[in-house]
Amino acid sequence: MPRNDGNKYKNEDLKKIELTRKNIQKNEHFLTEKAGELTPHQIKDVKAHLVSKKKHLEETEGTIK
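Figured I'd write up the structure that's included with this text.

Cut-offs applied
Going along each chain's sequence as written, the residues are numbered from 1 onward. Selection of residues for local features in this predicted model requires a pLDDT of at least 70, selection of side-chain atom pairs for listing and counting requires 80 or more, and totals for whole chains, interfaces and linings are taken over all residues. Values reported for side chains reflect all heavy atoms of the structure, with hydrogen atoms and water molecules removed beforehand. A run of H or I in DSSP becomes a helix once it reaches four residues, and a run of E becomes a strand once it reaches two; helices and strands are each numbered from the N terminus. When a residue's accessible area, from a 1.4 Å probe over protein chains only, is under 20% of the maximum for its type it is buried; when over 50% it is exposed; and in between it is partly exposed. A 1.4 Å probe and the Shrake-Rupley method give the accessible areas. Residues count as covered only by the protein chains that appear here. Expected span, for any helix, means 1.5 Å times one less than how many residues it has. Salt-bridge detection follows one rule: a side-chain nitrogen of Lys or Arg within 4 Å of a carboxyl oxygen of Asp or Glu. By convention a nonpolar core is built from buried Ala, Val, Leu, Ile, Met, Phe, Trp, Tyr and Cys residues, the set being connected through side-chain atoms within 4.5 Å.

From N to C terminus, the protein chain includes two helices and zero strands. Dimensions of the protein chain, computed from the C-alpha atoms along their principal axes, are close to 60 × 20 × 15 Å. Relative to its full complement of 65 residues, the protein chain shows a buried share of 12%. For the protein chain, the computed accessible surface area is about 5,800 Å², with 53% contributed by carbon and sulfur atoms.

Structure follows, in structure tokens:
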């Protein structure tokens, strides 16, 4: 019978958080590259969404660690 790893879900959550951080950085880089092609309203919406994701990550990370 295998042992129950109590940290399995914590480790999975931390990996998801790190992946999300990388995706946020990619999105920010993409935004700077394509800023000329997007409308100011689109840029504002994307930035607001990224800020809310960052805030959620900070809150989640604090509860996991």
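A rise of 1.5 Å per residue sets the reference length of helix H1 (residues 8–33), with its 26 residues, at 38 Å; its end C-alpha atoms lie 38 Å apart and thus fit the reference within 8%. Listed in full, the buried residues belonging to H1 are Ile-17, Ile-24 and Leu-31.

The subject of this paragraph is the pattern of salt bridges. As enumerated under the stated definition, the model contains one salt bridge in all. The partner of Glu-28 in a salt bridge is Lys-54, and the shortest N-O contact between them spans 2.6 Å. With Glu-28 in helix H1 and Lys-54 in helix H2 (residues 40–64), this pair connects stretches of sequence that are 26 residues apart. A relative accessible area of 30% places Glu-28 in the partly exposed class. Since its relative accessible area comes to 37%, Lys-54 is described here as partly exposed.

All right, on to the nonpolar core then. Grouped together as the largest cluster of nonpolar side chains are six residues: Ile-17, Ile-24, Leu-31, Ile-43, Leu-50 and Leu-57. Broken down by secondary-structure element, the contributors of at least two residues to this core are H1 and H2.

Take Val-46: it is sitting in helix H2. Measuring from C-alpha to C-alpha, the distance between Val-46 and Thr-20 comes to 15 Å, with 26 residues separating the pair along the chain.

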